Every structure is written in structure tokens, then in C-alpha cells.
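Here is what each chain is made of, one letter per residue.
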Amino acid sequence: MKKAVIIGAGVGGLATACYLAQNGYSVEIYEKNCNPGGRCGQLVQDGHRFDLGATILLMPSLYKKVLSELGIDLEKDLETTSLEPVYKLFFSDGTDFAFTRSPQRMKAQLETIEPGSFQKYQEYVKEGYEFFNLSMNDLLGKNFDHLFQFVNFKSMRLLLKLKTYLYHTDYIKRFFTDPHLRMAFTFQNIYVGQNPYQAPAFFSMLPGAEIAEGALFPKGGMHRIVQTLQTLAEKNNVQIYCKKPVDKIILNGKKAEGIMLEDGTIVHADLVIASADLPYVYDKLLRDKSKTRSLKDKKYSCSAIVFHWGIDKIYPQLDHHSVFLNDPYEQGLEKIFNEKSLADNPSFYVHAPVRNDRSAAPENQDTLSVVVPVAHLDEKYDQDWKKLKQTAREGVIQRLEEAGLYDIEEHIKFEICYLPKTWESSCNVTRGSVFGSLSHSIFQMGYFRPHNRHKKYKNLYFAGGSTHPGNGVPLVLLGAKLTSERILNDAKEMMNG
């Protein structure tokens, strides 16, 4: 029986372990933290339960595609609730907008704001969802073995079809003139740590997929995905060792021979899958100076300051997800992405899971996570994180008070704050880019994204957000499937070869 060793028990590592164990491999996972989960971790304090990373299950079709192959039934095993509306948006002028899947409700809202816009909205969503399906089939959902599979006539046509030559914020002008509607249908780029003013138009697939497929919330939060994968892995005899940080990957000739733990233990393996953040793997575990230098020059996603609040009352003004988009919107994004700083009145979103899952807080209390997108760590800039944290907190409190949560500060029982450096130290995420370190610019996708197998060491593979196909839980799951398929195909070829 071939032995596979996986570094990191995040979603990518766990899903890859399940695939390999179900295909006859003996699998061991080594995780630096006390519990599996990585950026999809969980925090529980005084009866309040917080998701540390993703808070919403988007693109359910992708989850189903991967999980069903592993024998997991998304709706049944994760006890999902469909969110309606997907979220509520709040604008600086006091107006709000429900991002609803109900055509009647959406039409009423849109026609009030901009007469004639409902038809344009339908076109935008239809085209966005087509981008989603095209991307999944031809750009993200398959392994590329050589450049010509990617750079060929068919792919060039695909890239034109996907409007990769247009920025999302320019593309949206074809559909809406109202500035709030333009914001409402482009801010989703932040999910993958991008600036909509600098991201390609095909990311309209994010709102497109939200409307077409809906958004779900698993009972117990997004960490339920981790727990489900962990249970399945253990059922398939996968050994998960926590509090076992890896010091390096042991290399010999053209092969990886195993790993060495920080305590000096050597673990031999037939193959190694590094599911830690890729730039970290090349820098610290492979100590590959030239690859580390080239990865340093890549584009990185933004980060976030997150406030987790245990609140001793419930605020009905907030939906399950409430997004506060504050003016001046474009300058706010410029502050994050160009100046590596933060505006005084930053945009942010609030996750209030109690709306659909009472178990997230004690009775008649609220569990709130406030996510404020902010620059990633960058030593070229003078970033005073104490000051930036204060700016973020003051901006959030003031904006929530304006929305009618007048006494919120008096009702915060406790606060736990995650800064970019928290992400960097707890999850080894390069630059603290919590949305996934390597950004999704067009030259960092498909064949151009770091590959899921090492060029020289043929039994060393990669999983997780910084390798192909990309960031975010659904793509990380898809990546685990692609990495596993590559491993199984390579094994088959070796047997036949």
C-alpha cells in the first residue's frame, strides 16, 4: 500500500486525504495547529460560535460535484439552509438593497431605483452564470499539462468570451447607470481578495452564481465542512496528527522522500502533498530561493481585520449577512489596494449566524463577526496595525450606529480581533492574505497559476488556495479533486510505463 503524507489539515488537505484513502492509499496528515480547519477554522467562547474564515457556502454545484464523489450529501450531511436574501446591502445615504433570488422582489427594488433595469439585471446574471460554467469547464475545472493546452485558439476564444480584456467595473456600465447598483453587482470580487476596479469582467460569475444557484449555510457554520471531511477521513483510516509542525520536505535526487517535523522526527512517504500556503512551502519547507523570489513578484490578495463580538442582545436590523458599502467607494478600495492602508469609513460586512442557526449564541444573544477588508502585509509601506485596527473599529461602530444599532458598544461582552499578522502566524498565509495569498489576475489563473505537481520532484504535489485552480473553499475543494486525479493518473502511467 502506497503511503501519502499531507502537510496541513485545511479543507484542501482533508479532501485530498479522503480521495486518496478511498483509492487505496495509506494517508497521514501533519497539522501545526491544535485542530484541523486552517482558514476554515472555528472559535467558541462563552457559548458564542464564530467561523474564522469563510462564512457563506457559495457555488453549491461545485461543492456537490466534489463532495458527492466522496460520498457526502451536501444538503443532508451538512444540514444546509438556503439564505434568502443572500445578503442585505447598506449604502452611505441610508438606503438598503436586498440581494434576493426572488424575481418579483428584485424587480420591485430595481425598477424603483432605475426604471428598466430589471431586464438588464437578467442579462447580467445570465451572462455571469455562463461565465461561471465556461470557467469551470474550460479554465478552472481541469488539469493543464503543458502550455499549448492553455494557449491555443480555443482558449484564446474562451478568454475573449470571458471578457478578460475588460475590468468588472467597466463591464457593469453596460447594464446599470445607478452607482449603487453598480456597487451591488461588483463588490463580490472582495470574496477572492480582489479590487473590482482591477479585476477581469468574468468575475461577474460570482453574483451570477449567487443568483442562479443561491447561497447556503450549513448548520454549525462553515466549519461543519471541515468536521464532515475529518469524519470521513478518519472512517477511511486517515491518521491526522495535530500540533505537529513540519520543518522541511526531505528531497533526494528527483524525489521527495518524506518530511521532517520541527521536533526532528522523520516521516518517510511514497508521495508528499503540501497543502500549506504555496509561497510558504517554497520558502520554508523547500527552501527554494529562486522560486521564492519569483513568487514574491506575484500579485497578492488583500487581507482583513476581523472583529468577533459576543453580544448580549439581538439586533434585528442585521440580516444573516449585512454588507456596508461606504462612500467614497472607489477611493476606499484604492486605499486598500494601492496605498496598502485603510479609509476612515471602510466598507465591511457583518456575519450574524443566529439568524439561521440559533446554536451560534446563547438564547437572546448575538454572535457577530465583522470583516473589514484591508491591505495585506507589505514591508515596503509603513503599516501601523494598531492604528489601522483602531480606524477600522471606529469606522465600523460609527456606521452601525448610523444604521440604528445605537448602543452596540455597550453590549459587546467580549471582542477577539484577527489582524493580517494573526493569519500569517496562525495559518502560515503569506502576507496575511486571508482570502488566499496569490490573487486571481488573469496571468495567475489556469496554466499560469502555480501547478499542483512540482516540476522536478515528480512525487511532490500541492493542494490549497495558492495552487491551481484557486482561492475560496469551493475552488480549494475542486483543487483537491484535481490534485488527486493527477496523483492517480501519474500512478497509473507509472504502472503502465
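Residues numbered from 1 in each chain as written. Predicted model: local features only at pLDDT ≥ 70, side-chain atom pairs only at ≥ 80, totals over all residues. Heavy atoms only, no water.

Caption draft 1: Here's a closer look at helix H15 (residues 385-402). The end-to-end C-alpha separation of H15 is 25 Å, in line with the 26 Å expected for 18 residues at 1.5 Å each. Where H15 is concerned, the buried positions are Trp385, Leu388, Thr391, Ala392, Gly395, Val396, Ile397, Arg399 and Leu400. In the segment just after H15, glycine 404 is the residue with positive phi, at about 105°. (Helix = DSSP H or I, 4+ residues; strand = E, 2+ residues; numbered from the N terminus. Expected span 1.5 Å × (residues − 1). Buried < 20%, exposed > 50% of the residue type's maximum accessible area, 1.4 Å probe, protein only.)

Caption draft 2: Representation of the state of the cysteines in the model. Scanning the model with the defined rule gives zero disulfides in all. Between cysteine 40, a cysteine without a disulfide, and cysteine 427, which holds the nearest cysteine sulfur, the sulfur-to-sulfur distance is 10 Å. Free cysteine cysteine 417: the closest other cysteine sulfur is in cysteine 427, separated by 15 Å. (Disulfide = S-S within 2.5 Å.)

Caption draft 3: Molecular detail of empty space enclosed by the protein. For the structure shown, the criterion picks out two cavities of 30 Å³ or more. Considered as a void within the structure, the largest cavity measures approximately 260 Å³ in volume. If you go around the largest cavity, you meet 21 residues; those closest to its centre are Ile190, Leu325, Ser347, Phe348 and Pro373. Elements that contribute at least two residues to the lining of the largest cavity include exactly strand S15 (321-325), helix H14 (329-337) and strand S16 (348-351). For the lining of the largest cavity, the element with the most residues is H14, which contributes four residues. Taken as a whole, the second largest cavity encloses approximately 40 Å³ of empty space. Lining the second largest cavity, in full, are Asn143, Phe144, Gly446, Tyr447, His451, Asn452, His468 and Arg486. The residue inventory of the lining of the second largest cavity, partitioned by class, reads two nonpolar, five polar and one charged. (1 Å grid on protein atoms, 1.4 Å probe; cavity = no way out; pocket = protein on both sides within 12 Å on 5 of 7 lines; lining within 4 Å. Points joined across faces, edges and corners; volume = space filled by probe spheres on them. Nonpolar A, V, L, I, M, F, W, Y, C, P; charged D, E, K, R; others polar.)

Caption draft 4: Spotlight on unusual backbone geometry. Across the junction of glutamate 84 and proline 85, the peptide omega takes the value -5°, indicating a cis bond. Mapping proline 85 onto the fold places it in the loop between strand S5 (80-82) and strand S6 (87-91). The peptide bond linking aspartate 327 to proline 328 adopts the cis configuration, its omega dihedral lying at -10°. Position of proline 328 relative to the elements: it lies in the loop between S15 and H14.

Caption draft 5: Molecular detail of the nonpolar core. Counting residues in each nonpolar core, the largest one holds 96 residues, and the members touching the most others are Leu89, Phe97, Phe185, Ile305, Trp309 and Leu400. A total of nine residues in this core trace back to one element, the largest contributor, which is helix H5 (residues 117-140). Setting aside anything within four residues of it in sequence, one finds phenylalanine 97 in contact with Tyr87, Lys88, Leu89, Phe91, Met106, Gln109, Leu110, Ile113, Leu181, Ala184 and Phe185. Counting 42 residues, the second largest nonpolar core, distinct from the first, contains Tyr25, Leu70, Val473 and Ala491. (Core = buried A, V, L, I, M, F, W, Y, C linked by side-chain atoms within 4.5 Å. Contact = heavy atoms within 4.5 Å.)

Caption draft 6: Molecular detail of the environment of leucine 295. Following the sequence through the fold, leucine 295 ends up in helix H13 (residues 289-296). Overall, the relative accessible area of 1% leaves leucine 295 in the buried class. Spatially, the C-alpha atoms of leucine 295 and aspartate 283 are 9.3 Å apart, while their sequence positions differ by twelve residues. With near-sequence residues (within four places) excluded, leucine 295 lies in contact with Leu278, Pro279, Tyr282, Tyr300, Leu438 and Pro450.

Caption draft 7: Spotlight on the sheet that holds S6. As summarised here, the arrangement of the seven strands in space is S7-S6-S15-S16-S17-S14-S18, forming an open sheet in which the pairing is mixed. Edge strands, defined here as strands with exactly one partner in the open sheet, are strand S7 (96-99) and strand S18 (412-418). Averaged over all pairs of adjacent strands, the angle between strand axes in this sheet comes to 20°, irrespective of strand direction. Strands in contact with helix H16 (residues 420-427) are strand S14 (303-311), strand S17 (366-374) and S18; relative to S14, the strand with the most contacts, it is inclined by about 95°. (Pairing = 2+ DSSP bridges. Axes fitted to C-alpha atoms, helices over the stretch in contact; angles between N-to-C directions.)

Caption draft 8: Inspection of the pattern of salt bridges at higher detail. Applying the stated criterion to the full structure yields 21 salt bridges. Measuring nitrogen to oxygen at the nearest pair gives 3.6 Å for the salt bridge that ties glutamate 28 to lysine 3. Here lysine 3 lies in strand S1 (residues 3-7) and glutamate 28 lies in strand S2 (residues 26-30), a separation of 25 residues in the sequence. Of the charged contacts in the structure, one is a salt bridge between lysine 126 and glutamate 130, with a shortest N-O distance of 3.3 Å. Of the two residues, lysine 126 and glutamate 130 both sit in helix H5, four residues apart, roughly one turn of that helix. A relative accessible area of 56% means that lysine 126 is categorised as exposed. Given a relative accessible area of 39%, glutamate 130 falls into the partly exposed group. Connected through shared salt-bridge partners, Glu69, Lys481 and Glu485 make up one network. (Salt bridge = Lys/Arg side-chain N within 4 Å of Asp/Glu carboxyl O.)

Caption draft 9: Inspection of the packing of aromatic side chains at higher detail. The full count for this structure, using the stated rule, is 24 aromatic pairs. Taking the centre distance of 5.4 Å and the plane angle of 80° together, the rings of tyrosine 87 and phenylalanine 187 count as edge-to-face. Taken together, the residues tyrosine 87 in strand S6 and phenylalanine 187 in the loop between helix H9 (179-184) and helix H10 (205-213) connect sequence positions 100 residues apart. In terms of burial, tyrosine 87 and phenylalanine 187 fall into one category: buried. With 5.0 Å between their ring centres and 45° between their planes, tyrosine 418 and tryptophan 423 make a pair best called tilted. (Phe/Tyr/Trp six-rings, centres within 6.5 Å; stacked < 30°, edge-to-face > 60°.)

All we've got here are geometric facts, nothing functional implied.
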